[in-house]
Amino acid sequence: MKAIVVTDQAAGTAGMTLAERPVPQAAINDVVVEIHASGFVPNELTWPPTWTDRLDRDRTPSIPGHELAGVVTALGYGTTGLSVRQRVFGLADWYRDGTLAEYVAIEARNLAPLPGDVDFTVGASLPISGLTAWQGLFQHGRLQAGQSVLVHGAAGAVGSMVTQLAKEAGAYVIGTGRAADRQAALDFGAQAFVDLDNDVLEDVGAIDLVFDVIGGDIGKRSAGLVRAGGTLVSIAGPVEARPADGLAIDFVVEADRGQLGEIVQRVRDGRLRPHIGTVATLDDAVAAFNPKQRRPGKTIIRVRP
């Protein structure tokens, strides 16, 4: 099968190559999925599981990418809950070969049914962005209606999901980003916007829940905005500064079939809109992940027409 592989961590996305790899086999509780569309997060090439297994042994050449939508072609021994020829989408294990390929072997529990009226491209855009937003807001942030939410990177793939879900839950949403992102953030449902290059972040006042995808100085300053009893939720690594009288939580997104079902239902009925940017083929994936200029939205690789 054709797949994108990486062998050189220092090279980043420029070190990706298109190669032939063996078609994976289904282990116990696995399914094999014929991939129709795949998502990729560029910074996953900095994650240790991309390069080593759970015992810290080198596992290159490895296939990156963890989001997928496709069709089940084989079931491993003992696998239940899915069937051959079923449309599915989901989130592949961090420590195993991923989804920038024609096939992937994946634990069945990491997948959810993909309704027939949802395109594979849309399905592949949902797992990381949607689950990250859902888990950060509702599991870790315990968001309640009427609270205020500050969403950094509100026009990005994750931030746009956070903005929409928080707005639907009855929160007052303030988005942040670059000046060029203002209208997109407002279109996704933010009621106010902070230009991080030109506005004063601290002018937003006290916030119930900060959702940080940036980290660094912005993350540190955001801790001071959290009101007593509030929460700073981060996906930008360990939190460097904590609220004086609130919680600070950093987390890694996990696959969850029930949550994927909630997310895709919202897409079906128009309550949630993924932010898809470039759609490229597997043959053109390396170029798509090394653009010559900034591209808004999430890049999706369409593995099959």
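As the structure is a prediction and not an experimental result, all values here were calculated from the model. Every chain's residues receive numbers from 1 upward, in the order its sequence appears when written. Local features in this predicted model are restricted to residues whose pLDDT is 70 or higher, and side-chain atom pairs enter the listing and the counts only when it is 80 or higher, whereas totals over whole chains, interfaces and linings include all residues. Hydrogen atoms and water are omitted, and side-chain values are computed over all heavy atoms in the structure.

**Structural notes on the nonpolar core**
Okay, so step 1: Counting residues in hydrophobic clusters, the biggest one holds 43 residues, and the most contacted among them are F89, L137 and V149.
Okay, so step 2: A run of H or I in DSSP becomes a helix once it reaches four residues, and a run of E becomes a strand once it reaches two; helices and strands are each numbered from the N terminus. Secondary-structure elements contributing two or more residues to this core are β4 (67–75), β5 (87–91), α1 (120–125), α2 (127–140), β8 (148–151), α3 (157–168), β11 (207–212) and α6 (257–268).
Okay, so step 3: If near-sequence neighbours (up to four positions away) are discounted, L137 is found in contact with R142, L143, V149, V162, L165, A166, L209 and F211.
Okay, so step 4: The term nonpolar core refers to a set of buried residues drawn from Ala, Val, Leu, Ile, Met, Phe, Trp, Tyr and Cys, joined through side-chain atoms within 4.5 Å. A 1.4 Å probe rolled over the protein chains alone gives each residue an accessible area, and that area as a share of the maximum for its type sets the label: buried under 20%, exposed over 50%, partly exposed in between. Counting residues in each nonpolar core, the second largest holds 31 residues, with I35, V88, V104 and A285 among its members. Should any heavy atoms of two residues lie within 4.5 Å, those residues are considered in contact.

**Considerations on the packing of aromatic side chains**
Here the distance between the centres and the angle between the planes together describe a pair of aromatic rings.
Okay, so step 1: Two aromatic rings from Phe, Tyr or Trp, using only the six-membered ring of Trp, form a pair when their centres are within 6.5 Å; if the ring planes differ by under 30 degrees the pair is stacked, by over 60 it is edge-to-face, and anything between is tilted. Using the criterion set out here, one finds three aromatic pairs in the structure.
Okay, so step 2: For the ring pair F40 and F289, a centre distance of 4.4 Å and an interplane angle of 55 degrees mean the geometry is tilted. Residue F40 is found in the loop between β3 (30–39) and β4, and its partner F289 is found in the loop between α7 (285–288) and β15 (298–302); the two are separated by 249 residues along the sequence. Each member of the pair, F40 as well as F289, is classed as buried.
Okay, so step 3: With a centroid separation of 5.4 Å and an interplanar angle of 85 degrees, the aromatic rings of W47 and W94 are classed as edge-to-face. One end of the pair, W47, is in the loop between β3 and β4; the other, W94, is in the loop between β5 and β6 (103–107), with 47 residues separating them in the sequence.
Okay, so step 4: Criterion for a charge above a ring: Lys NZ or Arg CZ within 6 Å of the ring centre, and within 35 degrees of the ring normal. Above the face of the F120 ring, R87 is positioned so that its terminal group lies 4.2 Å from the ring centre.
Okay, so step 5: Residue placement shows R304 over the ring face of Y103; its charged tip is 5.1 Å from the ring centre.

**Overview of α2**
Okay, so step 1: Judged by how many residues are buried, α2 sits mostly within the fold: eleven of 14 residues are covered.
Okay, so step 2: When α2 is considered as a whole, its buried residues turn out to be P127, I128, S129, G130, L131, T132, A133, W134, Q135, G136 and L137.

**Focus on the sheet that holds β11**
Okay, so step 1: Spatial ordering of the open sheet is given by β10-β9-β8-β11-β12-β13, a layout of six strands whose pairing is parallel. On the outer flanks of this sheet lie β10 (192–195) and β13 (247–250), each paired with one strand and no other. Geometrically, the sheet is characterised by an average inter-axis angle of 15 degrees between neighbouring strands, direction not taken into account.
Okay, so step 2: The pairing criterion for strands is at least two bridges between them, as found by DSSP. The pairing of β11 with strand β12 (residues 226–234) spans five bridges and is parallel. Bridge assignment links D212 to a residue of β12, and that residue is S234.
Okay, so step 3: Here an angle of 0 to 180 degrees is reported between the N-to-C directions of two axes, which are lines fitted to C-alpha atoms, with helices fitted over the stretch in contact. In this fold α3 packs onto β8, β9 (172–177) and β11, with an angle of close to 170 degrees to the strand it touches most, β8.
Okay, so step 4: Together, β11 and β12 form the strand contacts of helix α5 (residues 216–223), whose direction differs from that of β12 by roughly 155 degrees.

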